[in-house]
Amino acid sequence: MDDAPEPVEPANLRFLRVLVTTLTAVMMVGLVVVVALIVIRLNADGPTMPDQIALPEGVTATALTIGEGWWAVVTDDQRILIYDQMTGGLRQEIQVSPAN
């Protein structure tokens with residue numbers, strides 16, 4: 001009674017099983033890579049204030065924008081200070097007025 005032959009698995013079913021297993025492994029590796037990249041990106045430090053810039057007394061920088069050949073520093077007293085990237089000197093000062 002136990003002499004029944006094992007059923008033969010069709011070739012396309014075997015191929016499908018290998019394909020699903022491979023795709024599952026690729027998805028798991030991809031998920032690990034995405035999570036690792038997000039963690040690395042979130043732990044990275046943002047831009048820091050360049051050493052060449054000397055802010056006026058009593059002024060604190062709230063934002064820094066780096067352009068091609070210049071830096072823009074937004075200060076807590078509602079000004080935008082544009083500095084030259086090569087010399088570190090102040091190029092322009094823009095007073096930001098509140099919206100009406």
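See the structure printed just above.
How each quantity is defined
- Residues numbered from 1 in each chain as written.
- Predicted model: local features only at pLDDT ≥ 70, side-chain atom pairs only at ≥ 80, totals over all residues.
- Heavy atoms only, no water.
- Pairing = 2+ DSSP bridges.
- Helix = DSSP H or I, 4+ residues; strand = E, 2+ residues; numbered from the N terminus.
- Axes fitted to C-alpha atoms, helices over the stretch in contact; angles between N-to-C directions.
- Patch = residues over 30% accessible without salt bridge, like charges linked within 9 Å, V, L, I, M, F, W, Y side chains within 5 Å.
- Areas by Shrake-Rupley, 256 points an atom, 1.4 Å probe, with all protein chains shown as cover.
- Salt bridge = Lys/Arg side-chain N within 4 Å of Asp/Glu carboxyl O.
- Buried < 20%, exposed > 50% of the residue type's maximum accessible area, 1.4 Å probe, protein only.

Caption draft 1: Highlighting the sheet that holds strand β3 (residues 79-84). Taking strand neighbours across the sheet as the criterion, the four strands line up as β1-β2-β3-β4 in an open arrangement whose pairing is antiparallel. Lying at the two open borders of the sheet, with one neighbouring strand each, are β1 (61-67) and β4 (90-95). For this sheet, the mean angle separating the axes of adjacent strands, direction not counted, is 15°. The pairing of β1 with strand β2 (residues 70-75) spans six bridges and is classified as antiparallel. When the sheet's bridge partners are listed, Leu-64 is paired in β2 with Val-73.

Caption draft 2: Expanded view of a nonpolar patch on the surface. There is a patch of nonpolar side chains on the surface, built from Leu-13, Phe-15, Leu-16, Leu-19, Val-20 and Leu-23 and spanning about 550 Å² of accessible area. With respect to the helices, strands and loops of the structure, Leu-16 is situated in helix α1 (residues 11-43). Using a relative accessible area of 45% as the deciding quantity, one classes Leu-16 as partly exposed.

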